[in-house]
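Chain by chain, the residues run as shown.
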Amino acid sequence: MKLKNVVLALVLLQTGCSAFAPPATATPTQTATVTASPVPSSTPTLVPTPTAPAPETVDVEADGFTISVPLSMDFDMNNNVVGIFDQEGTFIVSFTRSPYDSDSISLQEVIDDYLNEVASSGGEFEQGESYPVTISGAEGIAVDITGSLFESPIAGRAIAVAPAENSVFFGLGISNLASDDGLWEARGVEAFETLTDSIQFVDVKT
């Protein structure tokens, strides 16, 4: 389904006018005492701010995890890799869960290995400092990346968490910056985090 960017601008213009009554003409031979009646204060009516409906999603189940994919994006499954992308080619994500031996390889090495594998197909990545993340209760690390893929500039994020001692979950999300060098910060980060927030780990099929 093609991704459509809809920008809705609501401009509310309020105009008010004040009427000034002409002063009353006083009669010179009479003095009137006027007692002002209290004017009840009106309580402003609170108008609830409409909230945007949550995007419709489809639940995708892979081996060891489920994820909710917005209907505005396409997805594909190749073995145990779930790929998610928009049809404009500006946002691409992949997730997979694989066997893992925490005693012999670190989560940083998991990220290094996956990025090197992707880079060998026509990319080059530079990693920032790692920082902790939690996905569906599983702790791990994330790194922000920049570089190029298939001769296009990219920015994105890679994550690796350990849902169990014998398996690791890896995710990679990137934005193509060829037309907009701020696209990852403007849209990619939020889209990637929305996807990772929807992930639930389940038992690995045997």
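Residues numbered from 1 in each chain as written. Predicted model: local features only at pLDDT ≥ 70, side-chain atom pairs only at ≥ 80, totals over all residues. Heavy atoms only, no water.

1. Brief notes about the nonpolar core
As a reminder, the rule being used: We define a nonpolar core as any set of buried Ala, Val, Leu, Ile, Met, Phe, Trp, Tyr and Cys residues linked to one another through side-chain atoms lying within 4.5 Å. Per-residue accessibility, obtained with a 1.4 Å probe over protein chains only, is compared with the maximum for each type, and a residue is labelled buried under 20%, exposed over 50%, and partly exposed between these values. Note on conventions: DSSP H or I runs of at least 4 residues are helices, E runs of at least 2 residues are strands, and numbering of each starts at the N terminus.
Residues Ile84 and Phe95 are the most contacted members of the largest nonpolar core, which totals 28 residues. Mapped onto this core, the elements with two or more residues apiece are strand E1 (57-62), strand E2 (65-70), strand E4 (81-85), strand E5 (91-99), strand E7 (131-135), strand E8 (138-149), strand E9 (152-164) and helix H2 (183-197). For this core, the element with the highest residue contribution is H2, accounting for 6 residues. The next biggest cluster of nonpolar side chains, apart from the first, holds 17 residues, and it includes Phe125, Ile141, Leu149 and Val168.

2. As for the pairing of strand E10 (residues 167-176)
Heads up, the rule is: DSSP calls a pair of strands paired once it identifies at least 2 bridges connecting them.
Burial analysis of E10 places 9 of its 10 residues in the buried class, which makes it a mostly covered element. Taken together, the 9 bridges between E5 and E10 define a ladder with antiparallel strand orientation. In the strand pairing of E10, phenylalanine 91 is matched with serine 175. In terms of strand pairing, E9 meets E10 through 9 bridges, oriented antiparallel. Bridge pairing in E10 links isoleucine 159 to glycine 171. Between E9 and E10, which pair antiparallel in sequence order, lie 2 residues.

3. Quick word on the layout of surface pockets
In this approach, a probe sized like a water molecule rolls over the atoms, and the result shows the empty space that is left. Definition in use: The rule is simple: put a 1 Å grid over the protein atoms alone, call a set of points where a 1.4 Å probe fits but cannot get out a cavity, call an open set with protein on both sides within 12 Å along at least five of seven lines a pocket, and count a residue as lining if it has an atom within 4 Å of a point. Grid points are joined across faces, edges and corners, and a volume is the space filled by probe spheres set on the points. Each residue is assigned to one class: nonpolar for Ala, Val, Leu, Ile, Met, Phe, Trp, Tyr, Cys and Pro, charged for Asp, Glu, Lys and Arg, and polar for all the others, Gly among them.
When its volume is computed, the second largest pocket comes out at roughly 630 Å³. Taken together, 22 residues form the lining of the second largest pocket, with Val81, Ile92, Val93, Ser94 and Val118 sitting closest to its centre. Only strand E3 (74-78), E4, E5, helix H1 (107-119) and E10 provide two or more residues apiece to the lining of the second largest pocket. Considering each element in turn, the lining of the second largest pocket owes the most residues, 5 residues, to E5. Its residues placed into classes, the lining of the second largest pocket shows 14 nonpolar, 6 polar and 2 charged.

4. Focus on the environment of aspartate 180
Inspection of the secondary structure assignment puts aspartate 180 in the loop between E10 and H2. Taking the C-alpha atoms as reference points, aspartate 180 and threonine 90, separated by 90 residues in sequence, lie 9.5 Å from one another.

5. Notes on H1
For clarity, the threshold we go by: Take the number of residues in a helix, subtract one, and multiply by 1.5 Å to get its expected span. Taken from the helix axis, the directions to the C-beta atoms give the arc we talk about. The contact criterion used throughout is that any non-hydrogen atoms of two residues lie within 4.5 Å.
Over its 13 residues, H1 runs 18 Å from end to end, which matches the ideal 18 Å to within 8%, given 1.5 Å per residue. Taken as a whole, H1 has its buried residues at Leu107, Val110, Ile111 and Leu115. Buried residues of H1, seen end-on, are gathered within an arc of 120° and therefore sit on one face of the element. In H1, the exposed residues that point more than 90 degrees away from the buried face are Asn116 and Glu117. Looking at the packing, one finds that the buried side of H1 touches strand E6 (123-127), E8, E9 and E10.

6. Focus: the packing of aromatic side chains
The test is simple: Centres within 6.5 Å make a pair out of two Phe, Tyr or Trp rings, where for Trp the six-membered ring is used; the pair is then stacked when the planes are under 30 degrees apart, edge-to-face when over 60, and tilted otherwise.
The full count for this structure, using the stated rule, is 6 aromatic pairs. Taking the centre distance of 6.0 Å and the plane angle of 20° together, the rings of phenylalanine 95 and phenylalanine 192 count as stacked. Of the two residues, phenylalanine 95 is situated in strand E5 and phenylalanine 192 in helix H2; the sequence distance between them amounts to 97 residues. The exposure class of phenylalanine 192 is buried, given its relative accessible area of 1%. Residues tyrosine 114 and phenylalanine 170 carry aromatic rings whose centres are separated by 4.1 Å and whose planes lie at 10° to one another, so their mutual orientation is stacked. Highlighted residues: tyrosine 114 in helix H1 and phenylalanine 170 in strand E10, separated in sequence by 56 residues. Given a relative accessible area of 3%, phenylalanine 170 falls into the buried group. One aromatic cluster in this structure is built from Phe65, Phe95, Phe169, Trp184, Phe192 and Phe201.

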